[in-house]
Each structure stands twice: as structure tokens, then as C-alpha cells.
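Single-letter residue listing:
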Amino acid sequence: MYTQNTPVHVKLWHHDFWRLAIANMLLTMSVYMQIPVLPLWLSKHGDALSTGIAMGAYGLGLFLMGGCCNYLVQRYRRNHVCQLAILMMLACIAVIYLSVIDQLPVIEGLTAVCLSRFCLGASFGLAQMVLVSTLIIDVCESFQRTEANHSAAWFGRFAMSLGPVASLLIYRFFDLEYVLLSSGVCCLLSMVLIQLVNFPFKAPEDKVYKFSLDRFFLPSGWLLFVNLLLITTIIGLLLSTPLSSMFYGMMMCGFFFALLAERFVFVNADLKSESITGLFLIIASLLMMRQTTAVVNNYIPPVLIGFAIGIIGSRFLLFFIKLSRHCQRGTSQSTFFLAWETGISIGLFLGYSYLSKYIYLVGLIMAVVALVVYNFVTHPWYMKHKNR
């Protein structure tokens, strides 16, 4: 039985949930496949700043459609809104593909990629807000929804490593164009899986605003948002460094260990233990990556990082849910997603542009700050303001 102190674990629900969860994983893979290889092309056609802008523009785009999300899912069929957003993602990937193969005579390739990354963030943000915050909740019973949110988030988390692993392997044997084609295929498969699920018609609310914070951002969770964004910025900084497929594979092992730890280690632990442990492990991995050889860095640090962000992500997601009021579950999911992806984007921007020589030092400073802020500010604040 789920309790406040114990993160939930995957259970076998009916097939509709699994289809949507896998669709979520494929969508996230599609985006993360670009992270390790697209900067290789960008660096050949521009300087470090332009590479950083192109990779970070995605984070700005995440906020573009969020205010309209509630209006769109109330005014139109929510599954169709999600599929249309995925089609927009496909269009953005197609423009990046044409830029890479130098088939855009109207607009310069680097500019096209920057604009496409911004639009990719906008379309992916809308697709995720509808899919995770609405569709997955719709196919689950009310007593299963926290478990569904937790499990769907884990599918997305594994895509953080699965996407780059697939990308680097494809890039090794083929080229960037095939990575982008594979990214598009992931979007198409996601659309097919969503199409296989039947969603009941829901009458819209009586008064729906064209712009609102519903299903977009939870103002009461602002401190959790800032703290999580600080943590994921560190991860974004690390992802801006040259990493091998082995690194991402070992990070996936860390995710598995995090799942086991939630089941057996942190069951009756203090609420703050996961976040504190995760931040200490991030600090340890940064120290190792700064001091040890490349061979060692491909094995131990990625496992620690995967374990750390796995347990931190699970705990913060649960905190967002419990901080929300009635009918704000979807909004809390979107806020968690925005904090996570925005932090990754900021880290990528800074890592490729201004902080390329100081990534580990800045990451260490940020990790220490995040640890202090969480322990002395965020956690006491959450305990005082939680609603569930």
C-alpha cells in the first residue's frame, strides 16, 4: 500500500497505460537522441556560443504553449492535441534534417537549427503536458494515479540514457542524418501508440480561458521548481561534455539501482534522505570525473549519477503532487517536467558556451548550493505547505 513516506512502484495495469508510458519514453528518446551528436555538427558550422544557443533554445520553447494547454484540451479532443504536437515535433526534426544535409537554400542552416530547436521545445512541451498530465491520468483509476505518474516518469527517465545510447551507436556506423531519421521514427511510433488507445469524450468546463496556468505551472511549487532546476542544470552541464555510449549505458544501470533502492532501502527512511543522498552522490561523481582517468569515468560516475537523479526525481515528483490541491495533479506534473527539462537546457547552454572549461567546478558549487538550499530551506518549506 502506498504511503506518504514510500515512493510508489510499477504495477501491471491494463494495456492502455503501458502504451502511453512507452509513447512517453519514445517521445523523450526522440529529443535526447539529439543531445550527444547534434553539437558535433553545430560546432563545425559555428562557434561555441551558437552551439550553446541552439541546444538551449529548446528550453525556452518549452514555455511557449503551456499557457494554452488547458484551453486546447478543453476545446478539442485531448489525444488529437497531443498527436498534433507530435506532428509539430516531426516538422521540426525534418527542418533540422534538411539543414544538416544542406537542402535549405532560403535560410542559413545554423539559424534554421536554432529556430527548429526552439519550436521543438514548444511542441515537445505541449505533447508532454497533454500526455503525462492528462492522457495517462485519464486511463487510470483515481487510486492508481500517483503510481501512474511515478511509473510514467521512470519511462521518461530511462529515455534519458536510451536515447543517447541509440544515437551514438547509429552515429558510429552511419551518420547524423540517420540519427535524425531515427528520432522522427520514435515520434511516429509514439503517435501510433496513442492512436491505439480509446479516450472517452469529456465535456469542456463552462468557462475556459484561452490562457491560464492550469495544466501548465503550479505557483505554489515555485521553491521546489527552483531547487530541482538547479539540480538538473548540473546534469545538463555534464551532458554537454563528450560522453561515450558506455557512459549512458552505465547511467541506465544507475537508474535500475535507484528503482531497487526505492523498493528496499528507502522504504521507511526519512523523507529528505533520498534527495540528500542523491546530491552527495552527484558531488562524489563530479569529484571523480574531475580527478580520475577517462576509463574510470565511464563506469563509476555514471552509475552514481543515474542513481542520484533517479531517486531525486522520484522524490521531487512526489513532493510536487502532494503540494498540489484538488484537480491540480496535472499542473504539478507539468511543473515538474518544466523544472527538469529547463534545467537540462540551461546546463547544455552554459556547458557549450560560457562554462566549457569550468564544468566540473561550477557543477560542484551548484551541487553544494542545491544541497544546502534543499536541507535548510526547501524541505522545511515543503513540510509546512504540503496539502496531502
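Definitions and cut-offs
Residues numbered from 1 in each chain as written. Predicted model: local features only at pLDDT ≥ 70, side-chain atom pairs only at ≥ 80, totals over all residues. Heavy atoms only, no water. pLDDT = per-residue confidence, 0-100. Helix = DSSP H or I, 4+ residues; strand = E, 2+ residues; numbered from the N terminus. Contact = heavy atoms within 4.5 Å. 1 Å grid on protein atoms, 1.4 Å probe; cavity = no way out; pocket = protein on both sides within 12 Å on 5 of 7 lines; lining within 4 Å. Points joined across faces, edges and corners; volume = space filled by probe spheres on them. Nonpolar A, V, L, I, M, F, W, Y, C, P; charged D, E, K, R; others polar. Patch = residues over 30% accessible without salt bridge, like charges linked within 9 Å, V, L, I, M, F, W, Y side chains within 5 Å. Areas by Shrake-Rupley, 256 points an atom, 1.4 Å probe, with all protein chains shown as cover. Salt bridge = Lys/Arg side-chain N within 4 Å of Asp/Glu carboxyl O. Expected span 1.5 Å × (residues − 1). Buried < 20%, exposed > 50% of the residue type's maximum accessible area, 1.4 Å probe, protein only. Bend = angle between axes of the 7 residues up to and from the residue.

**Concerning the confidence of the model for the chain**
Phase 1 of the analysis: Residues at a pLDDT of 70 or more form 94% of the chain, whose mean pLDDT is 89.
Phase 2 of the analysis: Of all secondary-structure elements in the chain, the lowest mean pLDDT belongs to helix α12 (residues 294-297), at 66, while helix α9 (residues 222-239) reaches the highest, 96.
Phase 3 of the analysis: Contacts for the low-pLDDT stretch residues 1-12, under 50 throughout, to residues beyond four places or in other chains number 38 contacts.

**A word on the layout of surface pockets**
Empty space among the atoms becomes visible once a probe the size of a water molecule is rolled across them.
Phase 1 of the analysis: In this model, the largest pocket occupies a volume close to 580 Å³.
Phase 2 of the analysis: Counting residues per element, the ones that place at least two in the lining of the largest pocket are α4 (69-75), α6 (109-138) and α14 (329-352).
Phase 3 of the analysis: Considering only residue class, the lining of the largest pocket consists of 3 nonpolar, 8 polar and 10 charged.

**Looking at a nonpolar patch on the surface**
Phase 1 of the analysis: Residues L169, F173, F174, Y178 and L181 make up a contiguous nonpolar surface patch of about 550 Å² in total accessible area.
Phase 2 of the analysis: Listed by contribution, the elements that provide at least two residues to the nonpolar patch are α7 (145-173) and α8 (176-195).
Phase 3 of the analysis: Mapped onto the fold, F173 is located in helix α7.

**Looking at α14**
Phase 1 of the analysis: With 24 residues, α14 should cover 34 Å at 1.5 Å per step; its first-to-last C-alpha distance of 35 Å lies within 8% of that length.
Phase 2 of the analysis: Taking burial as the measure, the 24 residues of α14 include 21 buried ones, the bulk of the element.

**Comments concerning the pattern of salt bridges**
Phase 1 of the analysis: If you walk through the whole model with that rule in mind, you get 3 salt bridges.
Phase 2 of the analysis: Note that R19 is salt-bridged to D16, the shortest N-O span being 3.7 Å. Placement of the pair is R19 and D16 together in helix α1 (residues 15-32), with a separation of 3 residues, close to one helical turn.
Phase 3 of the analysis: Since its relative accessible area comes to 26%, R19 is described here as partly exposed.
Phase 4 of the analysis: Residue D16 is classed as buried on the basis of its relative accessible area of 14%.
Phase 5 of the analysis: E274 is paired through a salt bridge with R315; the nearest N and O atoms lie 2.7 Å apart. Separated by 41 residues along the polypeptide, E274 in helix α11 (residues 273-291) and R315 in helix α13 (residues 300-323) bring together distant segments of the chain.

**Quick look at α7**
Phase 1 of the analysis: The end-to-end C-alpha distance of α7 is 42 Å, a good match for the 42 Å that 29 residues give at a rise of 1.5 Å each.
Phase 2 of the analysis: The largest bend in α7 comes to about 30 degrees, at A159.

**Some words on empty space enclosed by the protein**
Phase 1 of the analysis: Inspection of every chain in the model, using the stated rule, returns 3 cavities of 30 Å³ or more.
Phase 2 of the analysis: Empty space within the largest cavity amounts to approximately 280 Å³.
Phase 3 of the analysis: Lining the largest cavity we find 20 residues, and of these Q128, A153, G156, F336 and F337 sit closest to its centre.
Phase 4 of the analysis: When contributions to the lining of the largest cavity are tallied by element, the ones reaching two or more residues are α1, α6, α7 and α14.
Phase 5 of the analysis: The residue makeup of the lining of the largest cavity, split by class, is 10 nonpolar, 8 polar and 2 charged.

**Brief notes about the environment of S245**
Phase 1 of the analysis: Residue position: S245 is located in helix α10 (residues 245-264).
Phase 2 of the analysis: Here S245 falls in the buried class, since its relative accessible area comes to 17%.
Phase 3 of the analysis: In the structure, S245 is positioned 13 residues away from A258 in sequence and 20 Å away in space, judged by C-alpha atoms.
Phase 4 of the analysis: Discounting residues that sit within four places of it in the chain, S245 has contacts with V165, L168, L169 and R172.

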